[in-house]
Amino acid sequence: MANMAKLLEVRGLRTSFATAAGLVRAVDGVSWDVHPGETVALVGESGCGKSVSALSVMRLIDPPAGRIEDGAILYKGQDLLSLSEQEMRQVRGREIGMVFQEPMTSLNPVVTIGRQLTEGLELHVKMDSAAARTRAIELLGMVGIPDGERRLSQYPHQFSGGMRQRMMIAMALACRPSLILADEPTTALDVTIQAQILELLRDLSRRFGVAMLIITHNLGVVARYADRVNVMYAGRIIERAAAAALYARPRHPYTLGLLRSVPRLDQPTRERLLPIEGQPPDLTRLPPGCAFAPRCAFRVARCDAEAPSLNEVDGAEHLAACWESSRLAGGARA
Amino acid sequence: MASYIIKRLLAMVPTLFGVAVLIFLLLRVVPGDVVEARYIGQGSQFQSQELMQLERKKLGLDQPLWRQFTSWMGGLLRLDFGLSMWTGAPIIEEIRLRFALSLQLAIMASTVATLLAIPLGILAAMKQDTWIDYAVRVFSIAGLAMPSFWLGILIILVMLIVFRWLPPMVFTPLWVNPWENLAQLIWPALAVGYRYSAVGTRMMRSAMLEVLREDYIRTARAKGLALKLILTRHALKNAILPVLTIISLEFAFLLGGLVVTEQVFNLNGLGMLFVEAIARRDYTLTQALVMLVATTFLLVNFVVDVAYAWIDPRIRYR
Ligand SMILES: Nc1ncnc2c1ncn2[C@@H]1O[C@H](COP(=O)(O)OP(=O)(O)OP(=O)(O)O)[C@@H](O)[C@H]1O
Ligand SMILES: [Mg+2]
């Protein structure tokens, strides 16, 4: 059974928000998966639905405005959408850990570091407080925070941004989950610290065999740390490939644009960086055709009439949702 | 922490001095003094000026202002409030029992207000925009709309008619007979506390709604914590501070401002004494009352500030 090999499989996920401006289709029929131990990236511009995808997996979309309308989220073969709230709490933190984007605001300012680290352990692993403390000190050591004993009684404001993010990672890892959802774990940090945090995440995920979903808008991050990549645009996945293949042969104009807009470490860049022209579409009124068409240099008549679906373009592992993807096949990079 | 506490206590001194100067001058700017008040009260405006001057001299009102002020200050430093200009009795004797009553009533009413405001505010926030939220709102607004003396009369009537029982009408200090004492004060405390819970409830609700939108609440949920633990450990501590502030501000008013409620429940508190002291131009008594209320107010504020520092570690030692 192919399903059994997958740790997480999201199928046809549709999440929307009722707002004053209308229904925002933040995630619009998206499918992706994560194999055990693997690192998968979810990439795209701000507002394309990356966070909402991860929060949907955790079932942290707040009603009544937000709603998971359709789809299935199979974790170890079981549909998380069919679980009761109480059963779902056993999954959060225990099976799936989450690292958030904002280390400054994602830790409770009036609760000690120790309390925030141990509460998950006491809840899920049923540790007593002494055992939980010992484990918490061990966890802090693992994420590179020395002197854990003293640190446990401190508060988040006594930690720097990078240390807070390490602390978040320690919290996510505490109960030895099988999967970590890291939502832009480094966006809020200094460039030098970003690399440290990403290295840390990679080392720990390898050491403990934890699978990881890294959400980012930085393709540079993807190249170094991810095995496979899903590129998202306006609530849909428009390209999926192994990281190396995506870099070498992008088959969607949007991916191509993204690649041109970030500095690349693997090429001596004298090329100018080219931002993608135009604005991401309004998610309340998506066009009937391809959502990227208005910004696309490869646009043809068909693009406005009909939205392309995600199809194999280069073997079963490389998929793109573009009518013109064959035009990108042979070195359209110039 | 200790140095912070000492610093805060010392900072109260200039504030109190300012209050003293202000009330001292304000009283004397208003036309009329205790001598006039007394004779006008007796219906004879045409008392001989000499007699009145003599009386003023006896009370020290003929002295230059700075003289009057320094002798008052000197007394205060020895914790001596002096004599009432109207009755001639030591002020401390006039105030003692009344202050005990008013302080106890203010504490009890604030406690009632807190005990109503916090759970109701949390409930309303959790059930935002449902009928429960609206019910809490109606309950609060009803409390604001009903004058507490009216509610007090209602309480007394209900107890009289339904239970054929009346709360004691004479004040017994807590230390003399706690039961008698509570049987009398619990009713005005409920009536007043209910009224003053309204603002606190609204505050608690909005603070809670705000806190529940914070990122760290999402983090707590992502750890799999149950709602109850999220509320008690992660949300409440962050949301409770503004409510504490509101209730502590109301406290000062409850201490000296419950004139009508005191009358409904036949309580000899500070409120009525305040009104009388001002009407009689009893400078010394008014000054003493103002200083007492101001000091209590500052102390309550100070306690709240310490509570802030205790609850929110980011404030500590500043
Ligand atoms: N609670 C909400 N209510 C209404 N709309 C929402 C809500 N949360 C997200 N959205 C909308 O859903 C869309 C996708 O949001 P999402 O947070 O997933 O973006 P993102 O890809 O994570 O972007 P970023 O890089 O800025 O984090 C956005 O258009 C956003 O406005
Ligand atoms: Mg996001």
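Per chain, the residues get numbers from 1 upward, laid out in the order the sequence is written. For this description, chains carry letters from A and ligands carry numbers from 1, given in the order in which they are written. pLDDT decides what is reported in this predicted model: residues at 70 or higher carry local features, side-chain atom pairs at 80 or more are listed and counted, and totals for whole chains, interfaces and linings draw on all residues regardless. Side-chain descriptors were evaluated using all non-hydrogen atoms of the structure, hydrogens and water having been removed beforehand.

Caption draft 1: Examining the overall build of chain A more closely. Strands here are runs of E lasting at least two residues and helices are runs of H or I lasting at least four, both read from the DSSP assignment and numbered beginning at the N terminus. Of the regular secondary structure elements, chain A holds 12 helices and 12 strands. With C-alpha atoms as the basis for the radius of gyration, the globule rule is written as 2.2 Å multiplied by the number of residues raised to the power 0.38. Computed over its C-alpha atoms, the radius of gyration of chain A comes to 21 Å, within 12% of the 20 Å expected for a compact globule of 334 residues. The 334 residues of chain A split such that 54% are buried. Residue contacts are counted whenever heavy atoms from the two residues lie within 4.5 Å of one another. A fraction of 65% describes how many contacts in chain A between residues 6 or more apart in sequence connect residues 24 or more apart. Put simply, chain A shows about 14,400 Å² of open surface, and 51% of that area lies on carbon and sulfur atoms. Where the 39 positive side-chain charges of chain A centre and where its 36 negative ones centre are 2 Å apart. Residue exposure (1.4 Å probe, protein chains only): buried if accessible area is under 20% of the type maximum, exposed if over 50%, otherwise partly exposed. Only the protein chains shown count as cover for residues, and the accessible areas themselves come from Shrake-Rupley with a 1.4 Å probe. Residues scored as positive are Lys and Arg, those scored as negative are Asp and Glu, and His as well as the terminal groups of each chain are ignored. In this description, the location of a charge corresponds to atom NZ of lysine, CZ of arginine, CG of aspartate or CD of glutamate.

Caption draft 2: Structural view of the site of ligand 1. Residue and element names in this part refer to chain A. Taken together, 15 residues are adjacent to ligand 1, and Ser 46, Gly 47, Ser 51, Val 52 and Glu 184 come closest. Within the contact set of ligand 1, an oxygen atom lies 2.7 Å away from a backbone nitrogen or oxygen of Gly 47. Between an oxygen atom of ligand 1 and a side-chain N or O atom of Glu 184, the distance comes to 2.7 Å. Alone, ligand 1 offers 630 Å² of accessible surface; in the complex the protein occludes 64% of this. Of all elements in the fold, only β1 (8-19), β2 (22-34) and α2 (50-57) reach the threshold of two or more residues within the shell around ligand 1. Split by residue class, the shell around ligand 1 holds 6 nonpolar, 6 polar and 3 charged. For this purpose, a residue is taken to be near a molecule or strand whenever a single non-hydrogen atom of the residue falls within 4 Å of it. Counted as a polar contact is a pair of N or O atoms within 3.5 Å, where, for protein atoms, one must be capable of donating a hydrogen and the other of accepting one, and residues adjacent in sequence contribute only when both atoms are in side chains. Three categories are distinguished: nonpolar for Ala, Val, Leu, Ile, Met, Phe, Trp, Tyr, Cys and Pro, charged for Asp, Glu, Lys and Arg, and polar for the others, with Gly belonging to the last.

Caption draft 3: Representation of the pairing of strand β7 (residues 179-183) of chain A in the model. All names here are of chain A. Summarising burial for β7: 5 of the 5 residues are buried, a large majority. Burial along β7 is two-sided: the face carrying Leu 179, Leu 181 and Asp 183 and the face carrying Ile 180 and Ala 182 are both buried. Relative to β7, strand β6 (residues 96-99) runs parallel, the two being bridged by 4 bridges. The residue bridging Val 99 from the neighbouring strand is Ala 182, located in β7. Only strands joined by at least two bridges in the DSSP assignment are considered to pair. Alignment of β7 against strand β8 (residues 211-216), held across 5 bridges, turns out to be parallel. Bridging from a neighbouring strand, Ala 182 pairs with Ile 214 of β8. When the strands point away from the viewer, a crossover counts as right-handed if the route from the first strand across the helix to the second turns clockwise. Between the parallel elements β7 and β8, the chain passes through helix α8 (residues 191-208) in a crossover that is right-handed.

Caption draft 4: Inspection of the environment of Gly 88 of chain B at higher detail. Residues and elements named next belong to chain B. Structurally, the position occupied by Gly 88 is in the loop between α4 (65-77) and α5 (91-126). On the accessibility criterion, Gly 88 (40% relative accessible area) is partly exposed. Between the C-alpha atoms of Gly 88 and Leu 59, which are 29 residues apart in sequence, the distance is 9.3 Å.

Caption draft 5: Molecular detail of the side chain of His 252 of chain A. All names here are of chain A. Tracing the sequence through the fold places His 252 in the loop between α10 (243-248) and α11 (253-261). A distance of 3.1 Å separates a polar side-chain atom of His 252 from the backbone oxygen of Ala 321. Setting aside chain neighbours within four positions, we find His 252 in contact with Ile 238, Glu 239, Phe 292, Ala 321, Cys 322 and Leu 328.

Caption draft 6: Just the packing of aromatic side chains, in detail. All names here are of chain B. Stacked, tilted and edge-to-face pairs are distinguished by plane angle, under 30 degrees for stacked and over 60 for edge-to-face with tilted covering the rest, among Phe, Tyr and Trp rings (Trp via its six-membered ring) whose centres lie within 6.5 Å. Tallying each qualifying case throughout the model produces 10 aromatic pairs over all chains. Taking the centre distance of 6.2 Å and the plane angle of 15 degrees together, the rings of Phe 24 and Trp 72 count as stacked. One end of the pair, Phe 24, is in helix α1 (residues 2-29); the other, Trp 72, is in helix α4, with 48 residues separating them in the sequence. By the burial criterion, Phe 24 is buried, and Trp 72 matches it. For Trp 72, a relative accessible area of 8% puts it in the buried group.

Caption draft 7: Representation of the interface of chain B and chain A. Facing the 18 residues of chain B at the interface are 27 residues of chain A. Here chain B and chain A share an interface that buries about 2,200 Å² over both sides, 57% of which is from carbon and sulfur atoms. A simple way to read buried area is as the amount of 1.4 Å-probe accessible surface that goes missing from two parts once joined, with both sides added. Considering only the surface of chain B that becomes buried against chain A, Arg 221, Lys 223 and Arg 233 of chain B emerge as the three largest contributors, covering 27% of it. Any carboxyl oxygen of Asp or Glu that lies within 4 Å of a side-chain nitrogen of Lys or Arg is treated as forming a salt bridge with it. Our count for the chain B to chain A interface comes out at 3 salt bridges.

Caption draft 8: Fine view of the domain arrangement of chain B. All names here are of chain B. Just so you know, the domain bounds were taken from an automatic or database domain assignment. Domain boundaries assigned for chain B yield domain 1 (2-91) and domain 2 (94-311). Between domain 1 and domain 2, the residue contacts involve 31 residues of the former and 23 residues of the latter. Taken together, the links from domain 1 to domain 2 amount to 1 salt bridge. With a closest N to O distance of 2.1 Å, Asp 305 and Arg 8 form a salt bridge. Across the domain 1-domain 2 interface, the total number found is 11 residue pairs in polar contact (both at pLDDT 80 or more). Looking at the side of domain 1 that touches domain 2, the elements with two or more residues in it are α1, α2 (34-41) and α4. A total of 13 residues in the side of domain 1 that touches domain 2 trace back to one element, the largest contributor, which is α1. Looking at the side of domain 1 that touches domain 2, its residues break down into 24 nonpolar, 4 polar and 3 charged.

Caption draft 9: Focus on the environment of Thr 114 of chain B. All names here are of chain B. Within the secondary structure layout, Thr 114 lies in helix α5. On a C-alpha basis, the gap between Thr 114 and Ser 197 in space is 6.6 Å, while along the polypeptide they are 83 residues apart. Within the local environment of Thr 114, its side chain forms a polar contact with the backbone oxygen of Ser 110, the two atoms lying 2.6 Å apart.

Caption draft 10: Expanded view of the sheet that holds strand β5 (residues 78-79) of chain A. All names here are of chain A. Read across the open sheet, the 4 strands follow the order β2-β1-β4-β5; overall the sheet is antiparallel. Unpaired on one side and paired on the other, β2 and β5 mark the two borders of the sheet. As judged from the 8 bridges shared by β1 and strand β4 (residues 66-75), these two strands associate in the antiparallel manner. Within the sheet, the bridge partner assigned to Arg 14 lies in β4 and is Asp 70.

Caption draft 11: View of unusual backbone geometry. Residues and elements named next belong to chain A. Between Pro 63 and Pro 64 the backbone carries a cis peptide bond, its omega angle lying at 0 degrees. Positioned with a positive phi, Arg 176 is a non-glycine residue whose angle comes to about 50 degrees. Mapped onto the secondary structure, Arg 176 falls in the loop between α7 (161-173) and β7. Accessibility expressed as a relative area gives 52% for Arg 176, which makes it exposed.

Caption draft 12: Main features of the sheet that holds strand β11 (residues 311-312) of chain A. Residues and elements named next belong to chain A. Here 8 strands make up an open sheet; going across it, the order is β6-β7-β8-β3-β9-β10-β12-β11 and the pairing mixed. Strands with a single pairing partner mark the edges of an open sheet, and in this sheet they are β6 and β11. Relative to strand β12 (residues 319-320), strand β10 (residues 236-242) is paired through 2 bridges, and the arrangement is antiparallel. Of the residues in β12, the one forming a bridge with Glu 239 is Ala 320.

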